[in-house]
Amino acid sequence: MKALSGFQRVIDAILRWFCIVLFAALVVLVVYQVVIRSFGGGNAWTEAMARIIFIWQGIIGAAYVIGENDDVAIDFLVRKFPAVVVKFFEVLAHSIVGFFAVWIMILGGWELASSAFDQTVELLPFSQGQIYMILPLSGVLITIYCILHIIKAVTSEVKIVADEDIDLAAIQEEGI
């Protein structure tokens, strides 16, 4: 289990830094656009590149959030059930997300990317297929994370939430 958590930490660190680099590049491109336009010039390629970076960051960021298990989950009611039921729902939820990642993102994304390798992106030296490869890549990452979460759900203890354990002030502070 230590090897799996170490593996997950490595993937988390890589994705975290990749998202940071993408965000920094996005900020630099947008600031560059604004400065150049204020002097009457402009580079059309920066707008296209900023759009691609924004989309890539969103897709890779989604994989990172799933890996951190911070995705949207309303498990308030589920946590009141016995531990076996809670484990079942955790495994079911991660299985559904993993199935989506495999079927739509990996298989569909690969089909989309492979059909678009001969299409060029205007103003950039990339093909559409190269840009679309982020879908199967992110799908693989999400699938890996789902498998790790399923293993963790099956092998770890479930914390059952009692009514007195719920901190309403913290929930209200988060805006929920």
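Residues numbered from 1 in each chain as written. Predicted model: local features only at pLDDT ≥ 70, side-chain atom pairs only at ≥ 80, totals over all residues. Heavy atoms only, no water.

Focus: the overall build of the protein
Here's step 1: Assigned secondary structure in the protein consists of six helices and zero strands.
Here's step 2: Here the protein, with 176 residues, has 30% of them falling under the buried criterion.
Here's step 3: Considering only residue pairs separated by 6 or more positions, the protein has 74% of its internal contacts joining residues 24 or more positions apart.
Here's step 4: About 11700 Å² of surface is accessible on the protein, with carbon and sulfur atoms providing 70% of the total. (Helix = DSSP H or I, 4+ residues; strand = E, 2+ residues; numbered from the N terminus. Buried < 20%, exposed > 50% of the residue type's maximum accessible area, 1.4 Å probe, protein only. Contact = heavy atoms within 4.5 Å. Areas by Shrake-Rupley, 256 points an atom, 1.4 Å probe, with all protein chains shown as cover.)

Concerning the packing of helix α1 (residues 2-38) against helix α2 (residues 44-67)
Here's step 1: Packing of α1 against α2 leaves a shortest axis separation of 9 Å and a crossing angle of 155 degrees. On the basis of their axis angle, the class for α1 and α2 is roughly antiparallel. Judged by the twist between their axes, the crossing of α1 over α2 is left-handed.
Here's step 2: The class makeup of the residues in the contact of α1 with α2 is 19 nonpolar, six polar and four charged. (Axes fitted to C-alpha atoms, helices over the stretch in contact; angles between N-to-C directions. Parallel < 35°, antiparallel > 145°, perpendicular 65-115°, else oblique. Left-handed = near helix turned anticlockwise from the far one by under 90°. Nonpolar A, V, L, I, M, F, W, Y, C, P; charged D, E, K, R; others polar.)

Re helix α5 (residues 134-155)
Here's step 1: With 22 residues, α5 should cover 32 Å at 1.5 Å per step; its first-to-last C-alpha distance of 31 Å lies within 8% of that length.
Here's step 2: Buried within α5 are the following residues: Ile134, Pro136, Ser138, Gly139, Leu141, Ile142, Thr143, Tyr145, Cys146, Leu148, His149 and Ala153.
Here's step 3: In this fold, the buried residues of α5 make contact with α1, α2, α3 (83-115) and α4 (128-132). (Expected span 1.5 Å × (residues − 1).)

Some details on the nonpolar core
Soluble globular proteins tend to bury their nonpolar side chains together.
Here's step 1: In this structure, Ile11, Leu15, Ile60, Leu141, Ile142 and Tyr145 are the most contacted members of the largest nonpolar core, which totals 16 residues.
Here's step 2: Among the elements of the structure, α1, α2, α3 and α5 are those that each provide at least two residues to this core.
Here's step 3: With six residues, the single largest contributor to this core is α5.
Here's step 4: When near neighbours in sequence (up to four residues on either side) are disregarded, Leu141 contacts Ile11, Leu15, Ile60 and Ala63.
Here's step 5: Membership of the second largest hydrophobic core comes to eleven residues, among which are Leu29, Ala50, Ile53 and Ile131. (Core = buried A, V, L, I, M, F, W, Y, C linked by side-chain atoms within 4.5 Å.)

Structural notes on the packing of aromatic side chains
Here's step 1: Taken as a whole, this structure holds two aromatic pairs when the rule is applied.
Here's step 2: Look at Phe88 and Phe89: their rings are 5.5 Å apart centre to centre, the planes differ by 65 degrees, and that puts the pair in the edge-to-face class.
Here's step 3: Residue Phe88 is classed as exposed on the basis of its relative accessible area, which comes to 51%.
Here's step 4: Taken together, a centroid distance of 5.5 Å and an interplanar angle of 45 degrees make the contact between Phe99 and Trp103 tilted. Taken as a pair, Phe99 and Trp103 lie in helix α3 at a separation of four residues, close to a single helical turn. (Phe/Tyr/Trp six-rings, centres within 6.5 Å; stacked < 30°, edge-to-face > 60°.)

Quick word on the packing of α2 against α5
Here's step 1: The interhelical angle for the contact between α2 and α5, taken along N-to-C directions, is 5 degrees, at an axis separation of 8 Å. By the angle between their axes, α2 is roughly parallel relative to α5. Contacts between α2 and α5 involve Trp56, Ile59, Ile60, Ala63, Ile66 and Gly67 on the former and, on the latter, Ile134, Leu135, Leu137, Ser138, Leu141, Ile142, Tyr145 and His149.
Here's step 2: Here the residues of the contact of α2 with α5 sort into eleven nonpolar, three polar and no charged.

What to know about the confidence of the model for the protein
Here's step 1: Looking at the protein, the pLDDT average stands at 87 and 89% of residues meet or exceed 70.
Here's step 2: Within the protein, α5 carries the highest mean pLDDT (95), whereas helix α6 (residues 168-173) carries the lowest (63). (pLDDT = per-residue confidence, 0-100.)

Let's talk about a nonpolar patch on the surface
Here's step 1: Residues Phe76, Leu77, Phe81, Phe88, Phe89, Leu92 and Ile96 make up a contiguous nonpolar surface patch of roughly 700 Å² in combined accessible area.
Here's step 2: Locating Leu77 in the fold gives a position in the loop between α2 and α3.
Here's step 3: Residue Leu77 is classed as exposed on the basis of its relative accessible area of 58%. (Patch = residues over 30% accessible without salt bridge, like charges linked within 9 Å, V, L, I, M, F, W, Y side chains within 5 Å. Salt bridge = Lys/Arg side-chain N within 4 Å of Asp/Glu carboxyl O.)

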